[in-house]
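Listed below are the residues making up each chain.
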Number of protein chains: 4
Amino acid sequence: MAITGVMRSGLAQIRVLDMEESVKFYTEIVGLNEVCRTDDGRVCLKTYDEFDHHCLTLRQAESAGLDFFGFKVDCDCLLDKIAEDAKAFGQECEFIDANSDQPGFGRRLAVKIPNGHRIDLYADVEISEPHPMLKNPHIWSSRPRGVGARFFDHGLLAGPNSAETVRFFIEVMGLSKVEVVRMPDGNGDIATWLSCNTRLHDVAVLEFPDPGKLHHVAFSLRDWDEIGRAADFMAVNGVVIDAGPTRHAVTRGQTIYFFDPSGNRIETYAADFAYFPDMPVREWDFSELTWGINYYDHDNKIKPSFLGVVT
Amino acid sequence: MAITGVMRSGLAQIRVLDMEESVKFYTEIVGLNEVCRTDDGRVCLKTYDEFDHHCLTLRQAESAGLDFFGFKVDCDCLLDKIAEDAKAFGQECEFIDANSDQPGFGRRLAVKIPNGHRIDLYADVEISEPHPMLKNPHIWSSRPRGVGARFFDHGLLAGPNSAETVRFFIEVMGLSKVEVVRMPDGNGDIATWLSCNTRLHDVAVLEFPDPGKLHHVAFSLRDWDEIGRAADFMAVNGVVIDAGPTRHAVTRGQTIYFFDPSGNRIETYAADFAYFPDMPVREWDFSELTWGINYYDHDNKIKPSFLGVVT
Amino acid sequence: MAITGVMRSGLAQIRVLDMEESVKFYTEIVGLNEVCRTDDGRVCLKTYDEFDHHCLTLRQAESAGLDFFGFKVDCDCLLDKIAEDAKAFGQECEFIDANSDQPGFGRRLAVKIPNGHRIDLYADVEISEPHPMLKNPHIWSSRPRGVGARFFDHGLLAGPNSAETVRFFIEVMGLSKVEVVRMPDGNGDIATWLSCNTRLHDVAVLEFPDPGKLHHVAFSLRDWDEIGRAADFMAVNGVVIDAGPTRHAVTRGQTIYFFDPSGNRIETYAADFAYFPDMPVREWDFSELTWGINYYDHDNKIKPSFLGVVT
Amino acid sequence: MAITGVMRSGLAQIRVLDMEESVKFYTEIVGLNEVCRTDDGRVCLKTYDEFDHHCLTLRQAESAGLDFFGFKVDCDCLLDKIAEDAKAFGQECEFIDANSDQPGFGRRLAVKIPNGHRIDLYADVEISEPHPMLKNPHIWSSRPRGVGARFFDHGLLAGPNSAETVRFFIEVMGLSKVEVVRMPDGNGDIATWLSCNTRLHDVAVLEFPDPGKLHHVAFSLRDWDEIGRAADFMAVNGVVIDAGPTRHAVTRGQTIYFFDPSGNRIETYAADFAYFPDMPVREWDFSELTWGINYYDHDNKIKPSFLGVVT
């Protein structure tokens, strides 16, 4: 396989304030499918076009936010190697038993990374229904619901120590730096987009004072038409849209940001091109970030909520 | 890098009957940019959104067809390893000096594969203009011309010994089998799609009596709207469309096939999803191939020209 | 009102062979809504975005085809004037009582026109559910089903005496000639597109040996993206597509032709521009009709079934 | 003709501060074609898809704004009738000689309407190049430039005495009321959309303290995809976007508002459906206007500039 090692981001566990309201939101609006519920009441969901057992786990809690963000690797044996490297990098690691808290998943390696987030890595995942057809396949076996999210796409993790965090993703996990926004003073980067495949990002890292904060988790849509239809569907259904539909100049993707009922920011994102790791890094001056975020920006200032609100 | 080894197909040298007519076609219709001409009169072209020096070389000749089909690997050192493995597999190999016949390219390994095609592998490629912007990048530095081909995408190579050819791509080059069409009698595959990244195919292999035949080379477009606009642009300009705009059920891509002035079949292709090598292989019965090729097929038979005409 | 007199085509009664199968097709595939059933077992349907009581009536019969094709006029008083003019033109007329056979419709004037078709004209129509919202309106009150047909759009009526038929539509009903295809010998027109508003056609007339034959009835979709999604939906559901998705060069519309379970040809049509009656007539030579019908035509011949099969 | 009387809005004369900069903007960005220049230095422009001589006249002046807004009627004889009715309504009228100040136009009737705007009516207009092909027509004779504006679409006229102005458009000019926004106190309308064909509006009227103010003039685009491409083109070229790309819930259109170099607000607008005058009026409460204007609104407040800035 030419996609080796860490293959893609593919799992997030998110805290929600009201489980049934949240399940309704993620199934009816985002279009995910409920796969199963755990004994402790968590709910596992997936898109209609994925094979892996689930990509999103909801956990009811007192406050919204992200429990962990996960990556699939191509071989279970790699988990030991990454654990070793992560420890050498100075990070705490822990193995979690297969099927212990994420049904359908083999053992996972949980690593605390420098920005306060927990990253889970895993190799063995069962296939669950629904998944794409395999024999004389139609484009779907059942018409997508809601906005029809296609695939778990990426997360934007806010927290301190961005530089160390980025270094961890590159040196320990083998990701590539795709795009960066320079700090106002030009020293270092305020935000970095990182990929382990042809996505424009599997994960992005935002410098932020508080550790372990979630800016957003994103699901892919196909193109501008799907983005427009998703915005219509959200509008009809009273979803609170935070930004978009618009295009980021950073990563060139087309996007809508919106909030789940607990205030977690979710994105639907349509990539414009395929990244390869031999492409040069694209760089942004902080002063150009306004149109970097909203390419059609007209006020020349970012809404304070967009950068300030995290969970 | 998580995309390692053989990273992508990225270069083809095609024979054309009339150079100036062909250059006009590839620049004004397909939207490629002329990068340079060689001393022996070949012309090197690239899309507006690629970094590599060029992706298509045109060579004037008595008959149309494909001279070789190329893949980029992540490290020059890998070429020696592949040469060794290819020889062990029983294939002839030859190294071609840097900059000898493809300006901007480092040394290449040319391998004769079992279906009579020549595959070139290379690691070092200079960046040429135009390429995507790198500093506070806009979506393009100059508006795309013609149908606005975005990226070299894949080729479909026709010839005998498909099974051996597929085995070569998998065992020696590390590609993954994405999708197959079974032979009418169910023994073996008449066609196989293979990927080394998240494309639905970097190369596809079609069983065909004559060796070294080109079915088509494809350039990517973004989505159904670009496919429709491309079809309009071709129609206005009198391009001979062979099939489409339509969707393949096989690979789920949206497509137009058309002919260059020499009769080489070219495709513009919009992928519908991103492949990963942990996805199961998708299988087609030969009897379903009609709608596998044209999802909106209404006659329930494939145009004989579509499978029969190669160069 | 600046749209006066005959305002639009808006009603067709079609014969089907099996009522329940047909209702299922028109509601689940085309996306119409069942409004009511008549005592004699006919079923009345409408799109989600229309106000008029219904636009399609299905009648079970031994053979498929069209009972009548209807136009809405701006005032009931106009019916008497048209009856008079139609008689003076030499056509038989008959008034049909309000609510007698089309629930929700006022009295209708039925005119036998020279190509053997029956045209019904009516002014008073009740509003039925569902219809577009009127107070702080969302884009729909309930998500469209199937391919989401938006509006009754036009019909193509085949039969003899085209020239007289066209003259009737223009002189008696006030339609405008939008586009014509000349006969092979250049004498007269083999097909004519006629409009009474800004549609590219409310009705088209095709010279054909047998009287009263239906080539197709069309429902509007919005754009190429909806055409593509409709084609996908039809393909997944095994609908027999006759042609498309493609663009007509004649009228410039984007289209899919498909068959209902009884063999009536139905079209989903996306107009590309708005016609006005001060635009000059557009003319086609018969020899160019191939790409006039299928702008992306590659065989340079029309499928015999497309022009030959009517109901 | 079933579109009779006042057929459509089709001409505006706009004041600009710098003629060459403005011509460059309207030709290279909006995609209009320069048709001719007048002796007094005004420049006449048209889209690629119109027949009428021109739809926009630029006049260099000290301040931006609108000189007059014009409608085409179906017969020169109607001008006398409208002059009479306008005088009876209490409005000043004046005839302007053919070809005196608008090349290619027959005599015009200029009427001062209650909101301080001048409306010009005309019937006879020469056809100018470029215009749509008439014989075996391709979709365009020359590829559209810039954002590819397709047709003059509508204007939004701000000023006092809205109620009287609306009454004038309906009673004297025969337009229909399509949609209204109620005043905060529910007494009367703050804005009204009016049509004389199937457009969602040929003209809209906004209550505003100062007479004769232009909110915007709009050109049509086809669909959401064209809106997105237009936004990209504007962004690359540094055009100041005021709002969008988004959807209005009012009229359901998809839109971008932007400023010409003189500060005149211009819109590119894609209609979502065809209006007919037998449709009921759609009504908005003032309190819902935020999402009426921006369907994807997230701040729940309208940008002050959007309603406050006029020329």
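Since the structure is predicted, the reported quantities are computational estimates derived from the model, not experimental observations. Throughout this description, residue numbers start from 1 for each chain and increase along the sequence as written. Whichever chain is written first becomes A and whichever ligand is written first becomes 1, with later ones labelled in order. Per-residue local features are limited, in this predicted model, to residues with pLDDT of at least 70; the limit for side-chain atom pairs, both in listing and counting, is 80 or more; totals at the level of whole chains, interfaces and linings are taken over all residues. Excluding hydrogens and water, the side-chain figures rest on all heavy atoms present in the structure.

Undergrad: For this particular structure, what's the right way to read the overall build of chain A?
TA: Scanning chain A for helices and strands turns up 6 helices and 17 strands. Within these notes, the globule rule equals 2.2 Å times the number of residues to the 0.38 power, and the radius of gyration is based on C-alpha atoms. Against the compact-globule benchmark of 19 Å for 311 residues, chain A has a radius of gyration of 18 Å, which places it among compact chains. When the backbone C-alpha atoms are referred to their principal axes, chain A occupies close to 50 × 50 × 45 Å. Burial statistics for chain A: of 311 residues in total, 67% are counted as buried. In this description, contact between two residues means that some pair of their heavy atoms is separated by no more than 4.5 Å. Across chain A, contacts joining residues at least 24 apart in sequence account for 68% of those joining residues at least 6 apart. Split by element, the accessible area of chain A, about 10100 Å² in all, is 49% carbon and sulfur. Think of it this way: any DSSP run of H or I at least four residues long counts as a helix, any run of E at least two long counts as a strand, and we number them from the N terminus. Throughout this description, buried means an accessible area under 20% of the type-specific maximum (1.4 Å probe, protein chains only), exposed means over 50%, and partly exposed covers the range between. For every accessible area listed, the method is Shrake-Rupley and the probe measures 1.4 Å; residues are considered covered only by the protein chains on display.

Undergrad: Honestly, the interface of chain C and chain A in this entry has me stumped. Any pointers?
TA: Interface size, as often reported, equals the accessible area lost upon joining of the parts. The partner chain A presents 13 residues to the 13 residues of chain C that form the contact. Summed over both partners, the accessible area (1.4 Å probe) lost when two parts come together is defined as the buried area. For the pair chain C and chain A, the summed buried surface comes to about 1200 Å²; carbon and sulfur atoms form 56% of the total. Among the residues of chain C in contact with chain A, Arg143(C), Arg229(C) and Val236(C) are the three that bury the most area, contributing 40% of the side total. Salt bridges are defined by distance alone: a side-chain nitrogen of Lys or Arg within 4 Å of a carboxyl oxygen of Asp or Glu. Viewed at the interface, chain A and chain C are joined by 3 salt bridges. Note that Glu226(A) is salt-bridged to Arg229(C), the shortest N-O span being 3.7 Å. Between N or O atoms, a polar contact is any pair within 3.5 Å; within protein, one atom must be a potential hydrogen donor and the other a potential acceptor, and residues adjacent in sequence are included only when both atoms are from side chains. Linking chain C with chain A are 3 residue pairs in polar contact (both at pLDDT 80 or more).

Undergrad: Looking at this structure, how should I read the sheet that holds strand β7 (residues 108-112) of chain D?
TA: Paired through their backbone hydrogen bonds, the strands of a sheet run either parallel or antiparallel. All names here are of chain D. Should DSSP find at least two bridges between two strands, the strands are taken to pair. Here 8 strands make up an open sheet; going across it, the order is β2-β3-β4-β1-β5-β8-β7-β6 and the pairing mixed. Across the chains shown, the open sheet's two edge strands, defined by having one partner strand only, are β2 (33-37) and β6 (93-96). In this sheet, neighbouring strand axes are inclined to one another by 25° on average, regardless of whether the strands run parallel or antiparallel. For β6 and β7, the ladder comprises 4 bridges, and the chain directions are antiparallel. Axes here mean lines fitted to C-alpha atoms, for a helix over just the part in contact, with angles spanning 0 to 180 degrees between N-to-C directions.

Undergrad: Can you help me understand the state of the cysteines in this one?
TA: Among covalent bonds in proteins, the disulfide is the one between the sulfur atoms of two cysteines. Disulfides are defined as cysteine sulfur pairs within 2.5 Å. Per the stated rule, a full pass over the model turns up 4 disulfides over all chains. Here Cys75(B) is linked by a disulfide to Cys77(B), with a sulfur-sulfur distance of 2.2 Å. Disulfide Cys75(B)-Cys77(B): torsion about the S-S bond near 130°, hence right-handed. Given a relative accessible area of 28%, Cys75(B) falls into the partly exposed group. For the unlinked cysteine Cys44(C), the closest cysteine sulfur is that of Cys36(C), found at 3.8 Å. By relative accessible area, which is 0% here, Cys44(C) ends up buried.

Undergrad: Explain the pattern of salt bridges to me, please; I cannot follow it from the model alone.
TA: Close approach of charged atoms allows side chains with opposite charge to pair. Following the criterion strictly, the structure yields 136 salt bridges over all chains and no others. The closest approach of N and O atoms between Asp232(B) and Arg247(C), which form a salt bridge, is 2.6 Å. Taken together, the positions of Asp232(B) in helix α4 (residues 224-236) and Arg247(C) in strand β14 (residues 241-247) put the pair across two chains. Judged by relative accessible area, which is 7%, Asp232(B) ranks as buried.

Undergrad: What's the story with the relation of the copies chain B and chain A in this structure? I'm lost.
TA: Superposing the two chain copies requires a rotation about an axis and a translation along that axis. The superposition of copies rests on a least-squares fit of C-alpha positions from residues with pLDDT of 70 or more in both. Structural alignment of chain B on chain A gives an RMSD of 0.0 Å, achieved by rotating through 180° and translating 0.0 Å along the axis. In short, the pair behaves as if placed about a two-fold rotation axis. Measuring from the rotation axis to each C-alpha of chain B, the shortest distance belongs to Ile3(B), at 2.2 Å. Looking at chain B, 100% of its interface residues are interface residues in chain A too, so the copies touch through the same face.

Undergrad: How do you make sense of the pairing of strand β11 (residues 189-195) of chain D when you look at a structure like this?
TA: Residue and element names in this part refer to chain D. Burial within β11 is extensive, with 7 of its 7 residues counted as buried. What sits between strand β10 (residues 176-182) and β11 in their antiparallel hairpin is a turn of 6 residues, with Gly-186 showing a positive phi close to 80°. Note: β11 against strand β12 (residues 203-207), 4 bridges, orientation antiparallel. Looking at the pairing, Leu-194 lines up with Val-203 of β12.

Undergrad: Is there a simple way to explain the packing of helix α4 (residues 224-236) of chain A against helix α4 (residues 224-236) of chain D in this structure?
TA: The geometry of a pair of packed helices is captured by two quantities: the angle between their axes and the separation between those axes. α4(D) packs onto α4(A) with a crossing angle of 110° between their chain directions and a minimal axis gap of 9 Å. Relative to α4(D), the element α4(A) lies roughly perpendicular. Taking contact as the criterion, the partners of Trp224(A), Asp225(A) and Gly228(A) in α4(A) are, on α4(D), Trp224(D), Asp225(D) and Gly228(D). Grouping the constituent residues of the contact of α4(A) with α4(D) by class yields 2 nonpolar, 2 polar and 2 charged. An angle below 35 degrees is read as roughly parallel, one above 145 as roughly antiparallel, one from 65 to 115 as roughly perpendicular, and any other as oblique. Amino acids are sorted into nonpolar (Ala, Val, Leu, Ile, Met, Phe, Trp, Tyr, Cys and Pro), charged (Asp, Glu, Lys and Arg) and polar (every other residue, Gly among them).

Undergrad: What's the story with the relation of the copies chain C and chain A in this structure? I'm lost.
TA: Note on the identical chains: chain C maps onto chain A by a rotation of 180° and an axial translation of 0.0 Å, with an RMSD of 0.0 Å. By residue overlap, the copies meet face to face through one surface: 100% of the interface positions of chain C are interface positions in chain A.

Undergrad: Can you walk me through the interface of chain B and chain A in this structure?
TA: At the junction of the two partners, chain B supplies 54 residues and chain A supplies 54 residues. Summed over both partners, the interface of chain B with chain A buries about 4700 Å², with 52% contributed by carbon and sulfur atoms. Summed over the shared surface of chain B and chain A, the number is 14 salt bridges. Linking Asp272(B) and Arg222(A) is a salt bridge whose minimum nitrogen-to-oxygen distance equals 2.9 Å. When residues of the side of chain B that touches chain A are traced back to their parent elements, those giving at least two are β1 (6-16), β10 (176-182), α4 and β17 (282-284) of chain B.

Undergrad: Sorry, what's going on with the domain arrangement of chain A here?
TA: Residues and elements named next belong to chain A. The split into domains, and so the bounds of each, comes from an automatic or database assignment of domains. For chain A, the assigned domains are domain 1 (6-122) and domain 2 (152-308). Computed from C-alpha atoms alone, the centre-to-centre distance between domain 1 and domain 2 is 20 Å. Between domain 1 and domain 2, the contact holds 42 residues from the first and 40 residues from the second. With both sides pooled, the region where domain 1 packs onto domain 2 buries about 3100 Å², and carbon together with sulfur makes up 73% of that total. At the junction of domain 1 and domain 2, the tally comes to 0 salt bridges. Sort the elements by how many residues they give to the side of domain 1 that touches domain 2 and strand β1 (residues 6-16) lands first, with 10 residues. Grouping the amino acids of the side of domain 1 that touches domain 2 by side-chain chemistry returns 26 nonpolar, 9 polar and 7 charged.

Undergrad: Sorry, what's going on with helix α2 (residues 77-89) of chain B here?
TA: For an α-helix, the turn length of 3.6 residues means that residues three or four places apart are oriented alike. Residue and element names in this part refer to chain B. One less than the number of residues in a helix, times 1.5 Å, gives the span that helix is expected to have. Its 13 residues place the ends of α2 19 Å apart at the C-alpha level, agreeing with the 18 Å of an ideal helix rising 1.5 Å per residue. Every buried residue of α2 is accounted for by Leu-79, Ile-82, Ala-83, Ala-86 and Phe-89. Buried residues along α2 cover an arc of 125° about the axis, so they all sit on one side. Relative to its buried face, α2 has exposed residues pointing more than 90 degrees away, namely Glu-84, Lys-87 and Ala-88. Residues of α2 that are buried make contact with β1, β5 (65-73), β6 (93-96), β7 (108-112), β8 (118-122) and α3 (162-171). Within two residues after α2, Gly-90 carries a phi angle of roughly 105°, on the positive side. Arc, as used here, means the arc of the directions from the helix axis to the C-beta atoms.

Undergrad: Mind showing me how you'd approach the environment of Thr57(D) here?
TA: Residues and elements named next belong to chain D. With respect to the helices and strands, Thr-57 occurs in strand β4 (residues 56-60). For Thr-57 and Thr-251, which are 194 residues apart along the polypeptide, the C-alpha to C-alpha distance reads 27 Å. Those residues within four positions of Thr-57 in sequence are excluded, and the remaining contacts are Leu-11, Ala-12, Gln-13, Ile-14, Arg-42, Val-43, Cys-44 and Gln-102.

Undergrad: Whenever I open this one, the confidence of the model for chain A confuses me. Can you help?
TA: Any region with low pLDDT has predicted coordinates that should not be read closely. Residue-level confidence of the predictor is what pLDDT reports, using numbers from 0 through 100. Confidence in the prediction of chain A, expressed as mean pLDDT, is 95, and 97% of residues score 70 or more. The ipTM, which scores confidence in the relative placement of chains, is 0.95 for this predicted complex, and the corresponding pTM is 0.97.

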